[in-house]
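The residues making up each chain are set out below.
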Amino acid sequence: MASSLTKDSPSSGEQTFFGHPRGMATLFMTEMWERFSWYGMRAILTLYLVAAVLDGPLEGREALAASIYGVYNAVVYMAAMPGGWVADRLWGARKAVLVGGIIIALGHFTLALPSDIAFFVGLALIAAGTGLLKPNISAMVGGLYEGQPSARRDAGFTLFYMAINIGGLAAPLLVGYLGEHVNWHLGFGVAGVGMTFAVIQYAIGSKHLGDVGKLPAKPISPEERRKTLRKVALWAGIAVAALLIDLALGTYDIEHIVNVLAVLGVVVPIIYFITIFRDPALTAEDRPKIKAYVWFFITAVLFWMIYDQSGSLLTIFADNKTDRFIGGWEFPASWLQSVNPAMVIILAPIFAALWVKLATRNREPSTPMKFALAMLLIGGSFGIMGLAGAAAANSDTGKVTVFWLLAVYLAQTMGEMCLSPVGLSLSTKLAPKMFVGQIMGLWFLATSTGNALNGWTTKLNAPLGDAAYYTLQAVVAVAAGIAFMVAGRKIRALMGGVK
């Protein structure tokens, strides 16, 4: 890592990380290994659910696996809200990230145990740990750029996004091969090793973060703590009681949990926005910015609803309907999960440089325009997917060339570059200081809500067929992009001085 450090200028003597704050190296490496563990597990999760866990006819297993995958992703990102709250009110972001990393590592090692009970316990641990780590490490990135120009902050988040995708590129190649061709649980265990590296790197490098994330932004009072614990105990008790009643009546089905969690994925962000708007600490100056953020949130929900099907339906399509032979060898379907991260690594520095260059000429697209472009591109990706589905249906072999999926991932990656790093940066800029952790949690909750909707929408794939299913969602995404363009001026007005 020392070779990646440079001097900001001969006179300053201050070490930087590719021209960015030195603490970025710590957060970059931590995020890279954390994403290695996450994307490694994600690459084989749906395939494992179809092959090793679920019973019933193959088509039913695939639909249920896609639904469980979507809802689990929703739960993971939903956990970012209480994770942000814990950092803002109890521990500070620094401690929340450390504890979250440890819990994630334990979760992956639990998945490595050959037991169905251990499997679901491991998933629960990963969800809880990711909720603590994910929003708060991003909030600390924002803290490193306090008082710096908007374009530089955007470039910093794009560099941070590179870490995500370096881990995401390597993980499916190693974990996917081990899981599909050697042993599923060995694959899960290797993901745990990656998370262990993340924790070690973070503990060693935290000294370079200064005061960023050391203290909670709005420490909780003892009375508030007691009220919060009572509410948590009440709702946990209701959930356990409902599950016990379902089991006692003999009506339990995993679909019940899937549906409840999907509803929560939609309801929770609504409740959270209402709570923020009602908080007396929200000033009149900040209120319009949160209103603008609602627009970005809804658009991000639709984007991630389509994008995150890459790990479920698109993985199943790769497994069953894509010709993956190279010579006489068929490469694992999970390897295609490395295509998007590879494209991000190539395109991220290009987009980062493009935004900075356009900003110097005062021609950088506004944030609403970037989001609109993201929706048009993600819609286009599913337009391509609809054509691929039709081609597979009309093929003698029932399969299509891998280039269809490569084109889909290229369009999605370009859309991602217009939305995801920009949205991360935007969240830290629009958020009032005392709500930074929670606003970052809301940003990740957009992914949760999109995946919660996938818990239902992916079930339409079988009855509609690939061509109709993907084309329908493409039309919705393009319409959303056009609507965002039309509303751009109003949104910019609500954003005030934030660019």
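Keep in mind that what you see is a predicted model, and the values were worked out from it rather than measured. (Residues numbered from 1 in each chain as written. Predicted model: local features only at pLDDT ≥ 70, side-chain atom pairs only at ≥ 80, totals over all residues. Heavy atoms only, no water.)

**Focus on the overall build of the protein**
Secondary structure summary: the protein contains 18 helices and seven strands in total. Seen through its principal axes, the protein has C-alpha atoms that stretch 65 × 55 × 45 Å. Counting all 499 residues of the protein, 55% fall into the buried class. Contacts in the protein between residues at least 24 apart in sequence constitute 81% of all its contacts with a sequence separation of at least 6. Approximately 20500 Å² of the protein is accessible, and the part contributed by carbon and sulfur atoms is 68%. (Helix = DSSP H or I, 4+ residues; strand = E, 2+ residues; numbered from the N terminus. Buried < 20%, exposed > 50% of the residue type's maximum accessible area, 1.4 Å probe, protein only. Contact = heavy atoms within 4.5 Å. Areas by Shrake-Rupley, 256 points an atom, 1.4 Å probe, with all protein chains shown as cover.)

**Notes on the pattern of salt bridges**
Pairing between side chains becomes possible if they bear opposite charge and their charged atoms approach one another. All told, the structure shown has 11 salt bridges when counted by the stated rule. Lys218 is the salt-bridge partner of Asp279, the closest N and O atoms lying 3.8 Å from each other. With Asp279 in the loop between α9 (254-278) and α10 (287-307) and Lys218 in the loop between α7 (184-205) and α8 (222-248), this pair connects stretches of sequence that are 61 residues apart. Among the residues examined, Asp279 registers a relative accessible area of 18% and is labelled buried. (Salt bridge = Lys/Arg side-chain N within 4 Å of Asp/Glu carboxyl O.)

**Considerations on the packing of helix α13 (residues 367-394) against helix α14 (residues 403-430)**
Axes are the key here: two packed helices are described by the angle between their axes and the distance separating the axes. Viewed as axis vectors pointing N to C, α13 and α14 meet at an angle of 160°, and their least axial separation amounts to 8 Å. When the axes of α13 and α14 are compared, the pair comes out roughly antiparallel. Between α13 and α14 lies a crossing of left-handed hand. When the residues that make up the contact of α13 with α14 are grouped by side-chain class, the tally is 21 nonpolar, five polar and one charged. (Axes fitted to C-alpha atoms, helices over the stretch in contact; angles between N-to-C directions. Parallel < 35°, antiparallel > 145°, perpendicular 65-115°, else oblique. Left-handed = near helix turned anticlockwise from the far one by under 90°. Nonpolar A, V, L, I, M, F, W, Y, C, P; charged D, E, K, R; others polar.)

**Quick word on the environment of Trp335**
Mapped onto the elements, Trp335 comes out in the loop between β6 (329-330) and α12 (339-360). C-alpha of Trp335 to C-alpha of Arg324: the two residues are 11 residues apart in sequence and 10.0 Å apart in space. Excluding residues that lie within four positions of it along the chain, Trp335 makes contacts with Pro172, Leu173, Tyr177 and Trp329. Of the polar contacts made by the side chain of Trp335, one reaches the backbone oxygen of Leu173; its length is 3.1 Å. (Polar contact = N/O pair within 3.5 Å; in protein donor to acceptor, adjacent residues only side chain to side chain.)

**A look at the nonpolar core**
Leu27, Met41, Tyr72 and Leu442 are the most contacted members of the largest nonpolar core, which has 143 residues in total. For this core, the leading source of residues is helix α1 (residues 23-53), giving 15 residues. Among all residues touching Met41, those that are not within four sequence positions of it are Tyr72, His108, Leu111, Leu123, Ile126, Val175, Phe188 and Ala191. (Core = buried A, V, L, I, M, F, W, Y, C linked by side-chain atoms within 4.5 Å.)

**Notes on the packing of aromatic side chains**
The final tally for this structure, using the stated rule, is 23 aromatic pairs. Here the aromatic rings of Phe296 and Phe484 are separated by 5.6 Å at their centres, their planes lie at 55°, and the arrangement is tilted. Residue Phe296 is found in helix α10, and its partner Phe484 is found in helix α17 (residues 466-486); the two are separated by 188 residues along the sequence. Residue class for Phe484 comes out buried when judged on its relative accessible area of 2%. With 5.2 Å between their ring centres and 75° between their planes, Tyr469 and Tyr470 make a pair best called edge-to-face. In this pair, the class of Tyr469 matches that of Tyr470, namely buried. (Phe/Tyr/Trp six-rings, centres within 6.5 Å; stacked < 30°, edge-to-face > 60°.)

**Quick word on the packing of helix α11 (residues 313-321) against α17**
As a packed pair, α11 and α17 sit with axes 14 Å apart at the nearest point and diverge in direction by 150°. Between α11 and α17, the angle falls in the class roughly antiparallel. Both α11 and α17 take part in a crossing whose hand is left-handed. Of the residues in α17, those touching α11 at Leu313, Leu314, Phe317 and Lys321 are Asp466, Tyr469 and Tyr470. When its residues are assigned to classes, the contact of α11 with α17 shows five nonpolar, no polar and two charged.

**Side note on a nonpolar patch on the surface**
There is a patch of nonpolar side chains on the surface, built from Val240, Leu243, Leu244, Leu247, Tyr252 and Ile257 and spanning about 510 Å² of accessible area. Sort the elements by how many residues they give to the nonpolar patch and α8 lands first, with four residues. Along the polypeptide, Val240 turns up in helix α8. We classify Val240 as partly exposed; its relative accessible area is 48%. (Patch = residues over 30% accessible without salt bridge, like charges linked within 9 Å, V, L, I, M, F, W, Y side chains within 5 Å.)

**Describing the environment of Ala79**
Along the chain, the position of Ala79 falls in the loop between α2 (58-78) and α3 (80-91). Distance from Ala79 to Ser448, taken between C-alpha atoms, is 8.8 Å for residues 369 residues apart in sequence. Setting aside residues no more than four positions away along its own chain, Ala79 makes contact with Ala127 and Gly131.

**With respect to the side chain of Ser334**
Checked against the element boundaries, Ser334 lands in the loop between β6 and α12. Not counting chain neighbours up to four residues away, the residues in contact with Ser334 comprise Ala43, Ile44, Leu47, Pro172, Gly176, Tyr177 and Glu180.

**Examining the environment of Val175**
For Val175, the position within the fold is in helix α6 (residues 150-181). Between the C-alpha atoms of Val175 and Ser37, which are 138 residues apart in sequence, the distance is 8.9 Å. With sequence-adjacent residues up to four places away left out, Val175 is seen in contact with Phe36, Gly40, Met41, Ile44, Gly187, Val190 and Ala191.

**Focus on helix α5 (residues 116-144)**
For α5, with 29 residues, the first-to-last C-alpha span of 42 Å sits near the 42 Å given by 1.5 Å per residue. Of all bends in α5, the biggest is about 30°, found at Thr130. Among the residues of α5, the N-terminal cap falls to Ser115, whose side-chain oxygen and the backbone nitrogen of Ile117 are separated by 3.3 Å. (Expected span 1.5 Å × (residues − 1). Bend = angle between axes of the 7 residues up to and from the residue.)

The values are spatial; any link to function lies outside them.
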